[in-house]
Structure formats: structure tokens, C-alpha cells
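A structural walkthrough
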Amino acid sequence: MTAQPHDFMSGETPLPEKNLRAIRSALIIPQDREAFDAGLKAVLDEVRVNLHLGALNAFIHRWWISACDSVRDPEGRQRMHERAEQVLAGGPRPGGKPWREILAARGIDV
């Protein structure tokens, strides 16, 4: 089952249309826009090679969900990116141990 605009409660901020222009416009966090632009270039290259729109449809759906998130909670979206940067930098998680230690204890090499 996929989320559609009617799945959300009325009275909330209107969700973006499910098209590339509307999705990109709704992405107000710079990291989202950069990832969207890079991903769009890659998926369009893939479509040109394979002549199959499935990858583009999946890309649009995935980014529409992110755009909806951005519209409904831009501050939360920004916090998510800030936290992701901390994790990728190997910083400590809120509970104490750095992520690298936790992953190493589980046998995951990073």
C-alpha cells in the first residue's frame, strides 16, 4: 500500500503534487535538494540506457515521501540531516558509545 494525499488529515499543510517540479520545490533543506538533483541525473541516465520508466517511478515516489516530510516538518527534516552528519562523522550517539564501537561489536567493519 502506498501513501497518497488523501491518507493525511485535512487541515494540515497541503502536500506537494507527485511530479518532479513540485517535489523539488518542496525540498527546502539544501542536502535534500542536492541529493534529489544528483539522484535525478542518475535515474534519467538509467532510463536512457534501459528504456524502462520503473526506476523513474520509484524515484518520484521515494522523493515525494521526502517532500511530504519536508512540508510537514522542515525542522525535523533538518535535525535528521544534522544527526546523520554526526553519525557519519563517528560521533557519539545519545546513549553514549560511538556508532563505530557499536557496529564493530556486531562484527560490522566501517
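What you see is a predicted model, and the numbers here were worked out from it, not measured in a lab. Starting afresh in each chain, residues are numbered from 1 along the sequence in its written order. Local features in this predicted model are restricted to residues of pLDDT 70 or higher, and side-chain atom pairs are both shown and tallied only at a pLDDT of 80 or more, whereas totals for entire chains, interfaces and linings draw on every residue. Heavy atoms from the whole structure form the basis of all side-chain values; hydrogens and water molecules are not counted.

With that settled, consider unusual backbone geometry. In this structure, Leu 51 takes a positive phi of about 55° despite not being glycine. By secondary structure assignment, the location of Leu 51 is in the loop between α2 (30-50) and α3 (54-72). Each residue is assigned to one of three classes by its accessible area relative to the maximum for its type, calculated with a 1.4 Å probe on protein chains only: buried under 20%, partly exposed between the two thresholds, exposed over 50%. A residue is classified by how much of its surface remains accessible, and Leu 51, at 76% relative accessible area, is exposed. A helix here means a DSSP run of H or I that spans at least four residues, while a strand means a run of E at least two residues long, and both kinds are numbered starting from the N terminus.

Below, the discussion takes up the side chain of Asp 32. You can see Asp 32 is positioned in helix α2. Classification of Asp 32 as buried rests on a relative accessible area of 1%. Two N or O atoms count as a polar contact when they lie within 3.5 Å, although within protein this holds only if one can serve as hydrogen donor and the other as acceptor, and sequence-adjacent residues are included solely when both atoms are side-chain atoms. Side chain to side chain, Asp 32 and His 81 meet in a polar contact 2.7 Å long. Aside from chain neighbours lying at most four places away, what touches Asp 32 is Leu 27, Trp 63, Arg 77 and His 81. Contact between two residues is taken to exist if any of their heavy atoms lie within 4.5 Å; hydrogens are not considered.

Attention now goes to the pattern of salt bridges. Salt-bridge detection follows one rule: a side-chain nitrogen of Lys or Arg within 4 Å of a carboxyl oxygen of Asp or Glu. Counted by the stated rule, this structure contains five salt bridges. A salt bridge links Asp 45 to Lys 41, with the shortest nitrogen-to-oxygen separation between them at 3.3 Å. Of this pair, Asp 45 and Lys 41 both sit in helix α2, separated by four residues, roughly a single helical turn. Residue classification places Asp 45 among the partly exposed positions, given a relative accessible area of 29%. Judged by relative accessible area, which is 54%, Lys 41 ranks as exposed. Taking the shortest distance from any N to any O, the salt bridge between Arg 77 and Asp 69 comes out at 3.1 Å. The buried category is assigned to Arg 77, whose relative accessible area is 9%. The class of Asp 69 is partly exposed, set by a relative accessible area of 32%. Three or more residues joined by partner-sharing salt bridges are found here, namely Asp 32, Asp 69 and Arg 77.

This part covers the environment of Arg 77. Following the sequence through the fold, Arg 77 ends up in helix α4 (residues 74-88). Residues Arg 77 and Asp 32, spaced 45 residues apart in sequence, show a C-alpha to C-alpha distance of 9.1 Å. Excluding its chain neighbours within four sequence positions, the residues that come into contact with Arg 77 are Ile 29, Asp 32, Ser 66, Asp 69 and Ser 70.

Looking at where Val 47 falls in the secondary structure, it is placed in helix α2. Look at Val 47 and you get buried, because its relative accessible area is 13%. Beyond its immediate chain neighbours, meaning those up to four positions away, Val 47 contacts His 52, Leu 53 and Leu 56.

Okay, the confidence of the model for the protein chain next. The predicted coordinates should not be examined in detail at positions where pLDDT is low. You can read pLDDT as the predictor saying how much it trusts each residue, on a scale of 0 to 100. Here the protein chain averages 87 in pLDDT, while 85% of its residues score no lower than 70. Within the protein chain, the lowest mean pLDDT, 78, falls on helix α5 (residues 99-105), and the highest, 98, falls on helix α1 (residues 20-26).

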